[in-house]
Amino acid sequence: MKVGVYPGSFDPITLGHIDIIKRSSKLFDKLIVAVLINSAKTPLFSVEERVNMLKEETLFLENVEIDVFSGLLVDYMEKQKATAIVRGLRAVSDFEYEIQLAQTNHSLNSNVDTVFLTTNVQYAFLSSSVVREVASFGGELDHFVTSNVESKLREKFKQED
Ligand code: PNS
């Protein structure tokens, strides 16, 4: 069974992430979307909230599972018997960080490769941090996230007012 892992922070999941999940799920028997538990960062959404949003947005994809991980990604890959990491590439600016990550992971475990999917042009500018910033100022979000995620963002910033 070919297992792929799409790791990330997903704070929150954007339409760009959903596009990568849909497309990469076709490349594997099973795709695990894995949320990093990172105590060094203070996210907007808790791990639980992010996992729930990911589950809600991927319900229709039968071979997609949502999970969490901490520590090294290559160790998680081994535990899941997964051989490919999926990452989206938006622009040249992503490349430097992504190649470093891919090469580090491959040198830590030579059984692990990274597969890059180029982001759909309509989402080339999109990131979770852009979404959080727009949401914090009450801007339009319907081209960036689903209506479900939008309402969760609105709730968050209402609480913080
Ligand atoms: O969505 P992000 O924040 O760009 O995702 C980054 C992520 C989670 C893929 C990366 O930070 C990661 O894999 N972290 C786990 C620790 C690790 O294995 N790092 C790679 C060696 S530097």
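Note that the coordinates shown come from a computational prediction; the quantities given were computed from them, not determined experimentally. For every chain, the first residue of its written sequence is number 1, and the numbers climb from 1 along that sequence. Only residues with pLDDT of at least 70 are given local features in this predicted model, and only at 80 or more are side-chain atom pairs given and counted; all residues enter the totals for whole chains, interfaces and linings. Hydrogen atoms and water are omitted, and side-chain values are computed over all heavy atoms in the structure.

**Describing the site of the ligand**
Quick note on the threshold: Any residue with a non-hydrogen atom lying within 4 Å of a molecule or strand is treated as near it. Distance and chemistry together define a polar contact, namely a pair of N or O atoms within 3.5 Å, with one atom able to donate a hydrogen and the other to accept it when in protein, and with adjacent residues in sequence counting only for side-chain atoms on both sides. Here the open area of atoms and residues is found with the Shrake-Rupley method and a 1.4 Å probe, where only the protein chains shown may cover a residue. Per the convention used, a helix needs a DSSP run of H or I reaching at least four residues, while a strand needs a run of E reaching at least two, with both numbered from the N terminus. Only Asp, Glu, Lys and Arg are considered charged, only Ala, Val, Leu, Ile, Met, Phe, Trp, Tyr, Cys and Pro nonpolar, and every remaining residue, Gly among them, polar.
In the vicinity of the ligand lie 13 residues, with Gly 8, Ser 9, Leu 72, Leu 73 and Arg 87 positioned nearest. The backbone of Leu 73 places a nitrogen or oxygen atom 2.8 Å from an oxygen atom of the ligand. Note that an oxygen atom of the ligand is positioned 3.0 Å from one of the side-chain N or O atoms of Arg 87. Here the ligand has 550 Å² of accessible area as a free molecule, and 73% of this is covered by the chains. Of all elements in the fold, only β1 (3-8) and α4 (92-108) reach the threshold of two or more residues within the shell around the ligand. Broken down by element, the shell around the ligand gets its largest block of residues, three residues, from α4. Within the shell around the ligand, the residues separate by chemical class into six nonpolar, five polar and two charged.

**Let's talk about the nonpolar core**
Proteins that are soluble and globular tend to have nonpolar side chains buried together. This is how it is decided: Residues grouped as a nonpolar core are buried Ala, Val, Leu, Ile, Met, Phe, Trp, Tyr and Cys residues, joined through side-chain atoms within 4.5 Å. Relative accessibility decides the category of a residue: with a 1.4 Å probe and only protein chains considered, values under 20% of the type maximum give buried, values over 50% give exposed, and everything between is partly exposed. Between two residues, a contact is recorded if the distance between any of their heavy atoms is within 4.5 Å.
The biggest cluster of nonpolar side chains holds 32 residues, and the ones touching the most others in it are Tyr 6, Ile 21, Leu 31, Val 33, Leu 54 and Leu 153. Counting residues per element, the ones that place at least two in this core are α1 (15-25), β2 (30-36), α2 (47-58), β3 (64-69), β4 (84-89), α5 (128-136) and α6 (147-160). Those residues within four positions of Ile 21 in sequence are excluded, and the remaining contacts are Tyr 6, Ile 13, Leu 31, Val 33, Leu 54, Thr 58, Leu 61 and Val 64.

Spatial relationships are all this shows, so hold off on functional conclusions.
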